[in-house]
Structure formats: structure tokens, C-alpha cells
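Residues per chain, in single letters:
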Amino acid sequence: MKGRVVNETGQPVSNASVMVKGKTTGTAADENGNFQLNVPGNATLVVSSVGYLDQEIPVNNQTDITITLSSGTTNMQEVVVIGYGTQRKEAVTGSVASIGGDKMREIPAANVSQALQGRLAGVQMSQTSTRPGATMQIRIRGTRSLTADNNPLIVLDGIPFPGSIGDLNPDDIKSIDVLKDASATAIYGSRGANGVILITTNKGQRGGKARVAYNAYYGDQTLFARYPMMNGPEFVALRKAAGIYTNGADEKDDVNTDWQDLFYRTGTVNSHDVSVSGGSETGSYNVGFGYYQNQSLIPTQQYTRYSLRTSIDQQIGKYFRVGFTTNNNYNISEGNQLGTFGTLSASPIADPYNADGSLKRVVHQSLGDGFVLTKGVVDSLSDNGLWINETRNFATYNSVYGEVKIPWVDGLKYRVNLGLDFIQGNNGNYTGEGVNNSNPATESTAGISNSQTYHWTIENILSYDKTFAQKHNVSITALYSAEQQKYNSSSMSAKDIQSQEFQFYNLGRADGEITVDPNGQSYNLWGLMSWMGRVMYAYDNRYMISATLRSDASSRLAKGHQWHTYPAVSVGWNVTNESFMSNVTWLNALKLRAGYGQTSNQSIAPYATLGSLSTRPYNFGDDTYATGYYVTQLPNPSLGWEYSETWNYGIDFSLFKNRLSGTVEYYTTNTKDLLLGVGLPSTSGVSSYTANVGRTQNKGIEFTINGTILDGGRDGLTWDAGFNIYANRNKLVALASGATKDEGNGWFVGHNVNAIFDYKKLGLWQEKDPYLDVLEPGGAVGMIKVLYTGDYNGDGTPARAIGADDRQVMDVDPKFLGGFNTRLAYKGFDLNIVGIYQHGGILLSSLYGSGGYLNNLTSRNNNVKVDYWTPENTDAKYPNPAGPLSGDNPKYGSTLGYFDASFLKIRTISLGYDFSRSVIKSRDLKLRAYFTVQNPFVMFSPYYKESGMDPETNSYGNENAAVPLSYNMRRILTIGTNTPSTRNYILGVNLSF
């Protein structure tokens, strides 16, 4: 028989599971809802799909049948993408987390990573920037490698994706499936070492008439919270207490300038997406166009994205099928040369206005002059072409496939996938004469940089899927693939541009120095060749086993060490399908599963095996120079794979007529032969070489539960809720040559890969505290008191003063984290709430720490508003401004930037109304409008309580601070002087006809 699965509006339900009740015979509907299945005339079909209620349909000798699924809660009959195929969730033995595109879009977001935050257990999305268009750092089950890549593989419509996840339009996405353990990711080999994110985009509907969908929203972005800087009177009091600096020429004690108020503007977010989809009896199409723009609170800073997507699928005869998908993206980032440090550090008692009310160009402060920056000044400079920074990126991601069913072998298919991708980036910047500088004669500067990425993939896939004797289901997949990527970049800069009209378009005409940046010139070419085989077997829908063998060859590694072969195996047992469970009516599904697998990582820079040279000019006279070369990295002809072994154990369950379902998982991942740059002593004349040394471990537990608390039917009150919590314990197990620490890189055996090495603040020294003169010679009451770890003399006095040996290793990672969501619906109204949370760990804020130069407590710059020690305020948290200094900061001032990283944050509250339920009577016209508030509340956050600010990080460790962390410590995410976080108010509409 043949059939078609559709939803309540008549649209096809792709990948729906169609099973014969009581048997293992079944199939999955294709992308257009069509299926074929050999069944007896008296059989009953069980049909299910993600987001729909199961249906049981008697065949009654029909040969052509249409099955309509109703929206609702589902169970483990859902169909998920597992890599080179799909599988019913009931039969999955690896660790796979899934979310539908409609659920993901409950949060109007610029990109996929923002929409996924907190929705999937074990998938941590960390904010690295608050600038418009920024994507998040993604970690699946922790950090494995020290210097190799830790980012997951993204697979777009079956093809490895080389671009940024920010290039993808969330409205184009049908579903996302995340492969987390080695038994699931092994099919992607070394590319899947850090997990795999499978993104499936929308396709057309075969046999359906053309439909148009329009989704749009617009909103205002307001300041979530001001950076809590001192006002004029508070700054005057601080300057008096510190007794170091006196007022400059433009500073007066009765002035109170709010520099943030002069600088910020109201931001906006604006999104429009239009798609047309449809098809004939043998083919389908989907075409979509998207526009997104986000104007920041910082003047001139904005991000604009244009996206165009086309998908075509065509059946040719009985055995052939071809298809083509293209995703194209063009985006522009502007104004990213602007930060907030200058605004925050400006003296609040400096008057920016002349006597006639006009703005001064600079203000004369106690320690140097400050360029006056207001939103009006910035806009004027930009409008006149005097201060510009813009990055333009174009990317096109294309895939073509052809598939043939082998006519003489039922269930055997051959498919070829070809991916062709191109990415281009261009940056241009120009700063006019005297702009953002106290000296009006400062020469103008300009620069350009360009990069191109060329990527291709070809995959040959042979698959066989067959059920024997209605109990034995066998699925076999064989793969041969090859992949190559070429990247090149260049950059140059110039000074003293002849005319401001030239901007960055004619650097060769500059009167000043023209520099080709040697660090900006880059070229690399790498390739990967792979073989893979996978066998999945299920007996009577009760016992499942999956085994994968993958072999990869990487051009990045040394000759003789380029190939690596690794296995993966997982098993599952559907306990509820056993006869002895037939009377347990409250338990609808219970599956136990376990898996073991190896994965490999080769994601180091190409040519690391070859060593490297650097140049240095030599002066042989007044006008004669020669270029000398010296070795900076030794080659390693033995450099091989970094690989991990993972054990995964899981329980999937569904209770009370599928109204409550969930998953519990435990995993352990041991990674060894880390791809690590090993430092050498200076006497060797070479700084480092790359080797396979060291080990790390990640282990953790994950829990997800979803349920329908109230089920009032179509017009009654319905309440759905979901919750996930997960904990990952990450530690460094070993370093090179048996070392237990590497202070320069912040690595310590037995601790998180992300760790801080510093003194531990206990409080402040008070008058009656003993041993101040011993532990802190020359110290004073009110200064920071840190932990002493040394010995004590016989009389109880400390044996030495506090020094470098008292520094502590402090783990940064949170103890546990997760997310939650809930949906209430009544008649046409719906209310959705989505939140995230984490507990424990360390949050590093450069606003409060000494590296930020905004908490010097000396009045050098404006200071963050803090409760500091004075003789009249000895219970304070922050030290005496007149106390001992270390450079420009209080002694041990770095300890002031460490906070408990715990928080609970409501990300979205959305109220919508479906006009199609009562107002609109047409079956073909669907209209829903909604109002959303983003980032409305933060709770249980010590940092929020202290500062009123968003406790999520916004910078890498080596960014957005006056004295940032070293590049080696870039991995430590911080709160720096980046674009402020926002609270957004959004109106949106979903229309289809």
C-alpha cells in the first residue's frame, strides 16, 4: 500500500514514523509525507512524528490512505536525525537531543546559538560578545582539548558546514539534532570529536499547492542596566579619600556629568522572512528570503543580514531522486571600533560644555585629556566619513545530491552528496585626523583586510534497510568521503591619508607609513579522507545494537601518523515491549541503553608538523636592510591524533499515557595524546613544538523531563512544561613530562582546564587583626587580606610574609546548569516562558578587577560604585583608597573581580494570539501575533545583586579590558567593557496562506 501523512492544515509531515502495530515492520515518510509499505489488509498502522499525537489507523484493505496527525505531546515514537539517516527515537541507542524549529523560535533570536541556549541538556551556550550579530561559544559535554579546536561539528542538510552558525537564518530551520556521545558522533569521525549539531532546513511539500509564509518582528532594545559608575559627588569623595590626584582644568567638584547618558541610544531589532513552498506529485520546492537588522545601544554600531535560501527536490521515475539546496548570506557589521571604556572611565566631574552650551572637543582631566564622545559626536563623525569600521561578509553554502534505489535489491540505495561552499570577508576602517585623540593633529589611519575560504565535500553513501520475518530490522550504511578546505587572508594599513574621501579605498596614496601586516597574511590548505561502516540491528522492537567503524586520514598530521581507525558500539533494551510489562499501564516507555566509542581530533593549525620560521630585519648601513630568519617552532615528524574514549549510559522513559517523558544520562570521556604546544627553555633557541602530550577527563550527568500538566483539549486550558539540568566535571589529568602545572597557560593537573591562579581574598585587614606586620610588611588596615598557606612558628606567628607561594588554583566552571520552559494555552491565547540558570563557578569581571582600570580606587579614572573602607566605614567590602598600591591598583586588586557565577535568568516571556482559531474562518489563512519581552528578570545572582548588571559573560579573556588577560588565557570568558546588555520589547506576526 501507499499513503501520505499530513497535519491538520493538510501540509505534509516529513519523516513521520509508520509502523505496523505489534510488529517491527515499518518505514518513515519522505520529506513530502509519502510512504510505501507492504502490510496485511487487516493490519493497524501506528503513525507518529515530532510535535504530533500518535495515531492508530486500521488499514481495512485500503491501498491508498491519507493520515492526518494532530498537534500534541509525543512519545518515543518521534523520528530523529542521527547522521546519514533518520531513526525512531525508540530505537536510538546513542545520546541524541532534539528540538523542533517551532520550539526554537519561541525566542526571537538573531542566530541559532542564541535560540538554543538552555534548551538541550549537555549543550552549553556561553556568551562571548554582546555586539549585534555575535554568536555564542558552544561546548557539548565540556572542554576536551587544551589547544586544539573544541567546537562541535555543524552539519547543514547532511553536509559539514564550514561557516559561522550566525550565517543561518533561524526561520529556515525545521529541526536540530545534537549527537553528544562517541557512539553517536563516531559516524562523523574526527570532525565529530566535540559533538555534532545536525541542522535540517525547511523543504517544500510534494503534491501540495504553493503556500506563502511571512514571519516578522520589530522591537526596541533598552539598557538592561547601566555600568554602575560613580556620579560626581561620589567621585569627589573618593578622590578626597585616596588623596592622590587633584582636579584638572575642566574638573570641578560641583559638576555631575553622566557620560553614559550622553553616549547610549535606544537600539532596535527588525526581522522579516518570506518563503514560498509547494510541489508537484513528483517534486517539491522551497524558496525563502530573510532580512535582519540590529542597531546597538552604541551609536553607529549595527549588524545587518540578508539571507536567500532555495531547496529543490525531484523524483525521476521510480528509482531516481535528485535535489539541490543553497543557503546564501550577506551581512554587514558596522561601528565595532567603539567600546565603552572611554565613556566609563571619563571623569564625572569634568564639564564637557563650553560657556555657550556647545560641546568641547576634549576635556582636561587630572591625568591627561579625554576626547569627548557623545552619540551626537559619533554620529557626526560617521556621517562625515571620519570614523568608520565595517566588515562585509558573503557566504554561499551549496549541496547537490543524487539518489538511486537499486531495483533488484529491495531496501538498497546509493546516494552521492556534493557540497560546494565559498566564504569571503572584507574589513575596512578609517579614523580621520585627530579623531578620538586629544591631539587634533594626530595623523589619520586606515586599514583593510580580506579573507577567502573555499570548501568542498563529496560523500558516497550506500545504505540498506530491510525487515525480515517482521522481527529482524537491519540497517547498514557504508560511506567514503573526501573533504578539502583552502583559506587565505591578507591585511595592510596606512597612516596620513591624503583625503578623508579616500577613507580605506586608496591606501597606496597615503603620505605616511604603509604597512603590510605579516601576522595578517595567511594561507592554509587541508584535507580529510574517510571510510565508514555502520550496522544497526533491532529484534522485535525490544533489543537494539549499533556498531560503527570509522577511519580518517588528515593532512594536518605527520606522514605515517595521518590515518586513525576507531570503533563505536551501543546497545538498547526497550523494557516496556517485553511481555512481562504488558500489565504496567502507567509506564508507556522505558528504554535502557549503553554505548562505548572512540573519537579523534586533528583540529590544529595546518603545517604544525613542519615547524615555523619568523623574520627579523638586520641593519647593514644607513639605507641597507636584510631579512633574517630564525626558528620559532620545531617540526614534529611524529605528530599524530588526539583521541577520546567515551562511555555513555542512558535511561529514556514515558509515563501516564505519555504525558510525562524524560531522559537520564551519565557519561565519562577520557582524552589523551593532546595536541599541545610544548614550551622549550630559552637556551634551546626555540620557543615551542607541537606534540601529543597530556590527558583530560570529562564526566557528567544530564536529566531532561517534559510533561503536559493540564490537557484541556483544543479550547480548554493546556499547560506544558520542560526542564533540564546537567553537570560536567572537567579536569586536567596529565601534562608533558610529568609536570603538574603550567602557570603561564593556567593549566593545573587535577583542576578544570578553565582555572584561575591567584590569591584568595578573605576580606580586609582590621585594627585588631593579628600578624598584619608579619604577613604584610608595610601594610595598613583597610587593605585586602588574602589567604596565607605557609607554616607557623612555635609561638603561633606566621613563618614568612605572604608571597607568590600563597596563590591558589580556583576552578571556573559551574557546578551545574540548565534551562526550563513552559507554555500555557487557552482558546487562541498562548503564553510561553523560557529561562536558563547555572550554579557555582567563578565569574571574572574586569569592571571590578584591577585589569579593567575601573576599580583602581585612586580616582585615576572614574570608578565603579563600590562600598570602600574608611575609618568610619570599616565593614566595607572594598579596600581603603589610601592603602598600599601595586602599580596603579590596590595590592591584590585582581581578587576584586571574582564573583560567584550563579544566576537564574528569564530569557523570554511571550504572549500570543492565534486569530485563525476564531476571528479568521478560512482554513488556508493562518495568522498569529505576539508580544515578547526578552531578558526581563535575573534572580539569585551575586553579581547582579552587586552591580545590577547582566551576569552573563560578554568577552573573551584577552578582550575589553585596559590590561586584558594574555592570549593563552583567552578561553576564560569575562564581563568586560563591551556593548551593554539589553532588555528587548518585541511585536511579531506569523502569517501563512
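Look above for the structure.
Note that the coordinates shown come from a computational prediction; the quantities given were computed from them, not determined experimentally. (Residues numbered from 1 in each chain as written. Predicted model: local features only at pLDDT ≥ 70, side-chain atom pairs only at ≥ 80, totals over all residues. Heavy atoms only, no water.)

Participant: Just to check I follow, could you spell out the overall build of the chain for this structure?
Facilitator: Scanning the chain from terminus to terminus reveals nine helices and 56 strands. Expected size for 993 residues packed as a compact globule is a radius of gyration near 30 Å; at 31 Å, the chain falls within 12% of this value. Overall size of the chain, expressed as C-alpha extent along the three principal axes, is 95 × 70 × 65 Å. A burial count over the chain gives 54% of its 993 residues as buried. For the chain, long-range pairs separated by at least 24 residues make up 68% of all intrachain contacts whose partners lie at least 6 apart in sequence. As displayed, the chain offers around 41900 Å² of accessible surface, 53% of which is attributable to carbon and sulfur atoms. Between the mean site of the 82 positive side-chain charges and the mean site of the 87 negative ones, the chain shows a separation of 9 Å. (Helix = DSSP H or I, 4+ residues; strand = E, 2+ residues; numbered from the N terminus. Rg over C-alpha atoms; globule rule 2.2 N^0.38 Å. Buried < 20%, exposed > 50% of the residue type's maximum accessible area, 1.4 Å probe, protein only. Contact = heavy atoms within 4.5 Å. Areas by Shrake-Rupley, 256 points an atom, 1.4 Å probe, with all protein chains shown as cover. Lys, Arg positive; Asp, Glu negative; His and termini not counted. Charge placed at Lys NZ, Arg CZ, Asp CG, Glu CD.)

Participant: Even after reading the chapter, I still don't get the sheet that holds strand S1 (residues 2-6), so can you show me in this structure?
Facilitator: Strand pairing within a sheet occurs via backbone hydrogen bonds; the two strands may be parallel or antiparallel. The strand order across the open sheet built from three strands is S4-S1-S7, with neighbouring strands paired in mixed fashion. A single partner strand is all that each edge strand has here, and the edge strands are strand S4 (34-36) and strand S7 (64-68). If you compare each strand with its neighbour and ignore which way they point, the axes differ by 25° on average. Bridge analysis of S1 against S4 gives three bridges, and the strand direction is antiparallel. Bridge pairing in S4 links Lys-2 to Gln-36. (Pairing = 2+ DSSP bridges. Axes fitted to C-alpha atoms, helices over the stretch in contact; angles between N-to-C directions.)

Participant: How should I be thinking about the side chain of Asp-157 in this particular structure?
Facilitator: Within the secondary structure, Asp-157 sits in the loop between strand S13 (153-156) and strand S14 (159-160). Within the structure, the side chain of Asp-157 is placed 3.1 Å from the side chain of Lys-203, a separation counted as a polar contact. Every residue in contact with Asp-157, bar those within four places of it in the chain, is listed here: Ile-199, Thr-200, Thr-201, Lys-203, Arg-309, Thr-325 and Asn-327. (Polar contact = N/O pair within 3.5 Å; in protein donor to acceptor, adjacent residues only side chain to side chain.)

Participant: Hey, could you run me through the packing of aromatic side chains in this one?
Facilitator: Describing an aromatic ring pair means giving the distance of the ring centres and the angle of the ring planes. Counted under the stated rule, the structure contains 24 aromatic pairs. Taking 4.9 Å as the distance between ring centres and 40° as the angle between the ring planes, the aromatic pair formed by Phe-748 and Phe-757 counts as tilted. The exposure class assigned to Phe-748 is buried, which follows from its relative accessible area of 4%. Here Phe-757 falls in the partly exposed class, since its relative accessible area comes to 22%. Geometrically, the ring pair formed by Tyr-848 and Tyr-878 is stacked, given 6.1 Å between the ring centres and 25° between the ring planes. Here Tyr-848 is found in the loop between strand S49 (842-845) and strand S50 (885-886), whereas its partner Tyr-878 is found in the loop between S49 and S50, with 30 residues between them in sequence. Classification of Tyr-848 as buried rests on a relative accessible area of 0%. One aromatic cluster is present, built from ring pairs that chain together Tyr-848, Tyr-878, Phe-899 and Tyr-943. The cationic tip of Lys-785 hangs over the ring face of Trp-765; the distance from NZ or CZ to the ring centre is 4.6 Å. The residue whose ring lies beneath Arg-970 is Tyr-956, and the NZ or CZ to ring-centre distance is 3.9 Å. (Phe/Tyr/Trp six-rings, centres within 6.5 Å; stacked < 30°, edge-to-face > 60°. Lys NZ or Arg CZ within 6 Å of the ring centre and 35° of its normal.)

Participant: Explain helix H7 (residues 375-383) here, please?
Facilitator: It helps to recall that an α-helix has 3.6 residues per turn; residues three or four apart then point in one direction. Within H7 the residues assigned to the buried category are Val-377, Val-378 and Leu-381. Seen from one end, H7 has its buried residues packed into an arc of 95°, which puts them on one side. Close packing links the buried residues of H7 with helix H5 (259-263), strand S23 (368-371) and strand S24 (387-405). (Arc of directions from axis to C-beta.)

Participant: Just checking my understanding: could you explain empty space enclosed by the protein for this structure?
Facilitator: Rolled over the atoms, a probe sized like a water molecule indicates the empty space that remains. Taken as a whole, this structure holds eight cavities of 30 Å³ or more when the rule is applied. Contributing to the lining of the largest cavity are 35 residues, with Gln-114, Gln-127, Gln-221, Thr-982 and Asn-984 lying nearest its centre. Breaking the lining of the largest cavity down by element, the ones donating at least two residues are strand S17 (211-223), strand S19 (283-295), strand S53 (903-914), strand S54 (926-939) and strand S56 (982-992). Among the elements that make up the lining of the largest cavity, the one with the highest residue count is S56 (three residues). Residue composition of the lining of the largest cavity, grouped by class: 13 nonpolar, 17 polar and five charged. (1 Å grid on protein atoms, 1.4 Å probe; cavity = no way out; pocket = protein on both sides within 12 Å on 5 of 7 lines; lining within 4 Å. Points joined across faces, edges and corners; volume = space filled by probe spheres on them. Nonpolar A, V, L, I, M, F, W, Y, C, P; charged D, E, K, R; others polar.)

Participant: Whenever I open this one, the pattern of salt bridges confuses me. Can you help?
Facilitator: Oppositely charged side chains can pair when the atoms bearing their charge come close. Using the criterion set out here, one finds 35 salt bridges in the structure. The partner of Lys-891 in a salt bridge is Glu-776, with the nearest N and O atoms 3.0 Å apart. With Lys-891 in the loop between strand S51 (889-890) and strand S52 (898-900) and Glu-776 in the loop between helix H8 (772-775) and strand S45 (784-786), this residue pair connects regions lying 115 residues apart in the sequence. For Lys-891, a relative accessible area of 28% puts it in the partly exposed group. Residue Glu-776 is classed as buried on the basis of its relative accessible area of 1%. Beyond isolated ion pairs, a larger network of salt bridges with shared partners links Arg-141, Lys-180, Lys-591, Arg-593, Asp-652, Glu-665 and Glu-702. (Salt bridge = Lys/Arg side-chain N within 4 Å of Asp/Glu carboxyl O.)

Participant: Where do I start with the pairing of strand S36 (residues 660-672) in this structure?
Facilitator: Sheet analysis places strand S35 (residues 642-655) next to S36, joined by 13 bridges and oriented antiparallel. In the sheet register, Asp-652 faces S36, and the bridge partner there is Thr-663. If you look at the hairpin formed by S35 and S36, you'll find four residues sitting between the two strands, and Phe-656 has a positive phi there, around 55°. Summarising the sheet, S36 and strand S39 (residues 695-710) pair through 13 bridges and their orientation is antiparallel. By the bridge assignment for S39, Ser-661 is matched with Asn-706.

Participant: Explain the environment of Thr-663 here, please?
Facilitator: By secondary structure assignment, the location of Thr-663 is in strand S36. Excluding residues that lie within four positions of it along the chain, Thr-663 makes contacts with Arg-593, Ile-651, Asp-652, Phe-653, Glu-702, Phe-703 and Thr-704. A distance of 2.9 Å separates a polar atom in the side chain of Thr-663 from a polar atom in the side chain of Asp-652.

Participant: Could you clarify how one ought to interpret the sheet that holds strand S33 (residues 612-619) in this entry?
Facilitator: In space, the four strands of this open sheet follow the order S33-S34-S38-S37, with mixed pairing throughout. The open sheet has two free edges, formed respectively by S33 and strand S37 (675-679), since each of these has just one partner strand. Between one strand axis and the next, the sheet turns by 30° as a mean value, whatever way the strands run. Of the pairings in the sheet, the one linking S33 to strand S34 (residues 625-634) comprises eight bridges and is antiparallel in character. When the bridges of S34 are listed, Ser-614 appears paired with Tyr-630.

Participant: Can you walk me through a negative patch on the surface in this structure?
Facilitator: Residues Glu-433, Glu-443, Asp-496, Asp-511 and Glu-513 make up a contiguous surface patch of negative charge. Secondary-structure assignment places Glu-513 in the loop between strand S27 (472-495) and strand S28 (514-516). (Patch = residues over 30% accessible without salt bridge, like charges linked within 9 Å, V, L, I, M, F, W, Y side chains within 5 Å.)

Participant: Is there a simple way to think about the pairing of S24 in this case?
Facilitator: On any regular strand, side chains alternate: one points to one face of the sheet, the next to the other face. Within S24, 14 of the 19 residues are buried, leaving the element largely enclosed by the surrounding structure. Pairing of strand S21 (residues 320-334) with S24 involves 15 bridges; the strand directions are antiparallel. Note on S24: the bridge partner recorded for Asn-329 is Ala-395. Of the strand pairs in this sheet, S24 and strand S25 (residues 412-431) are connected by 19 bridges, and their pairing is antiparallel.

Participant: Help me understand the nonpolar core in this model?
Facilitator: Within soluble globular proteins, side chains that are nonpolar tend to cluster in buried spots. One finds Leu-847, Tyr-848, Tyr-878 and Tyr-943 to be the most contacted residues of the largest nonpolar core, which totals 51 residues. Contributing elements (two or more residues each) for this core: helix H4 (232-242), H7, H8 and S45. Ranked by the residues each element gives to this core, the list is headed by H7, at three residues. Not counting residues within four places of it along the chain, the set of residues in contact with Leu-847 comprises Tyr-227, Pro-228, Met-229, Leu-854, Asn-855, Val-864, Tyr-943, Met-949 and Ile-975. Counting residues in each nonpolar core, the second largest holds 28 residues, with Ile-99, Met-125, Ile-140 and Ile-176 among its members. (Core = buried A, V, L, I, M, F, W, Y, C linked by side-chain atoms within 4.5 Å.)

Note that every value here comes from positions in space, so none of it alone points to a role or purpose.
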